[in-house]
Amino acid sequence: MPMQPTHRPGGFLAIFLLPIALLSACSPPEPAAPVDTYDRAADSLRFDGETHLRNIRQLTFGGNNAEAYWSYDGKQLTFQSDWSAINSQGCDQIFVLNVDGSNYADGSTYKEISNGTGRTTCSYFMPDGSVLYASTHAANPACPAPAAFPAGRYVWPIYDTYDIYVRPADGSEAHVLIGGDGYDAEATVSPDGRYAIFTSTRSGDLELWRYEFATGDLLQLTNTLGYDGGAFFSPDGSQIVWRASRPTGEDADVYKDLLADGFVEPKSLNVFVANNDGSNVRQVTDLPGANWAPFFHPDGKRILFSSNHHDTESGRQFAVFMIDMDGSNLTQITHSGTFDAFPMFSPDGKYLAFASNRTLGPPSRDTNVFVAEWVE
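Residues numbered from 1 in each chain as written. Predicted model: local features only at pLDDT ≥ 70, side-chain atom pairs only at ≥ 80, totals over all residues. Heavy atoms only, no water.

Engineer: Hey, could you run me through the packing of aromatic side chains in this one?
Structural biologist: In this description, an aromatic ring pair is defined by two values, namely the gap between the centres and the angle between the planes. For the structure on display, the rule yields 24 aromatic pairs. Where W70 meets Y351, the ring centres are 6.5 Å apart and the plane angle is 35 degrees; that geometry is what we call tilted. Pair noted here: W70 is in strand β2 (residues 65-70) and Y351 is in strand β25 (residues 351-356), with a separation of 281 residues, a long-range link. Taking relative accessible area as the criterion, W70 reaches 3% and is therefore assigned buried. (Phe/Tyr/Trp six-rings, centres within 6.5 Å; stacked < 30°, edge-to-face > 60°. Helix = DSSP H or I, 4+ residues; strand = E, 2+ residues; numbered from the N terminus. Buried < 20%, exposed > 50% of the residue type's maximum accessible area, 1.4 Å probe, protein only.)

In structure tokens form, the structure reads like this:
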């Protein structure tokens, strides 16, 4: 897990005053210029250097909570959680919350969307308020048994019992949308609701596939050895961005052996973009370490992603970075010194949701969901 900071960010009060035009004695008074009342000292979850973020709010408070993604109306987030206060099952289940902190009609702050069995991952809203997510519950209602690897080796399980489900907005029972043999997960939806993009092993490797809701047609978008996953559409739906490994030589052999056993070791990943049919593939980052969890900036010209390339000693510190589509102007966005990842802009581009180990109190291994105002 990421190392925790031993300091808290310093505070200062930032007040910006607009110049006031000179008024003649006979001219009517003009309205006073607006004053930015932002209080830096009160923004205690914001670390120094986080100039693109302000008024950061914590939305979950224990366990591991991640992959918080916005509803199309910008009022809710869906996320996966093993937080014991809301999930007694033992492994990740899918929940939704109101971003303003209000409770649902049944009095709950966090409403469970999955059925509480199996392991779930990677939930995402559809335009009508339904939620997509992947689950292993049909194969076994118990949590899949964890695998043992040497200490310090970070390996993800690729359960071949994952299928992609839809939980309708009316709360009725979830049903399979994309299933069959092999791993099917990591589904997200295009802005117009026409397509879902997901990762699958149905062709023998971890590749991206596109699903068309109206027809059920499938299109394979990638076909290069390596892990292709975590894909999202651009704001206009014309492009996709994703994380990928491109192992060669001995690394390729290790990758294939691990995948055959149902695992992937995401120690070397970079960010790629392409057209939404898989054409015109371009590599955006060329950085050491794991560069992953990419998401388009609202202008469609920049990408936010998480990376540990700047932590050459431990590789455990992940920060959110921003980069132009051509790989230029790399900018660090978060500076907590811990773990910051899964950035996603609200539909109106005014807010950023993300997961982090940052804390107001003593260092913690908990990963929680946060939302911040975005400052351009």
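So, next bit.
Engineer: Help me understand the sheet that holds strand β18 (residues 270-275) in this model?
Structural biologist: For sheets, the rule is that strands pair by backbone hydrogen bonds, running either parallel or antiparallel. Here 4 strands make up an open sheet; going across it, the order is β15-β16-β18-β19 and the pairing antiparallel. The strands lining the two open edges of the sheet, one partner per strand, are β15 (228-233) and β19 (282-283). As paired strands, β15 and strand β16 (residues 239-244) are joined by 4 bridges and run antiparallel to one another. The residue of β16 that forms the bridge with F233 is I240. (Pairing = 2+ DSSP bridges.)

Engineer: Can you help me understand the pattern of salt bridges in this one?
Structural biologist: Where charged atoms from two side chains of opposite charge approach closely, those side chains can pair. Scanning all chains against the criterion turns up 12 salt bridges. Here E212 makes a salt bridge to R194, at a shortest N to O gap of 3.1 Å. Placement of the pair is E212 in strand β13 (residues 207-212) and R194 in the loop between β11 (184-189) and β12 (195-200), with a sequence separation of 18 residues. Note on E212: relative accessible area 15%, which makes it buried. The residue D340 makes a salt bridge to R358 at a minimum N-O spacing of 3.2 Å. One end of the pair, D340, is in strand β24 (residues 340-345); the other, R358, is in the loop between β25 and β26 (368-374), with 18 residues separating them in the sequence. (Salt bridge = Lys/Arg side-chain N within 4 Å of Asp/Glu carboxyl O.)

Treat this as a map of the structure, not an account of what it does.
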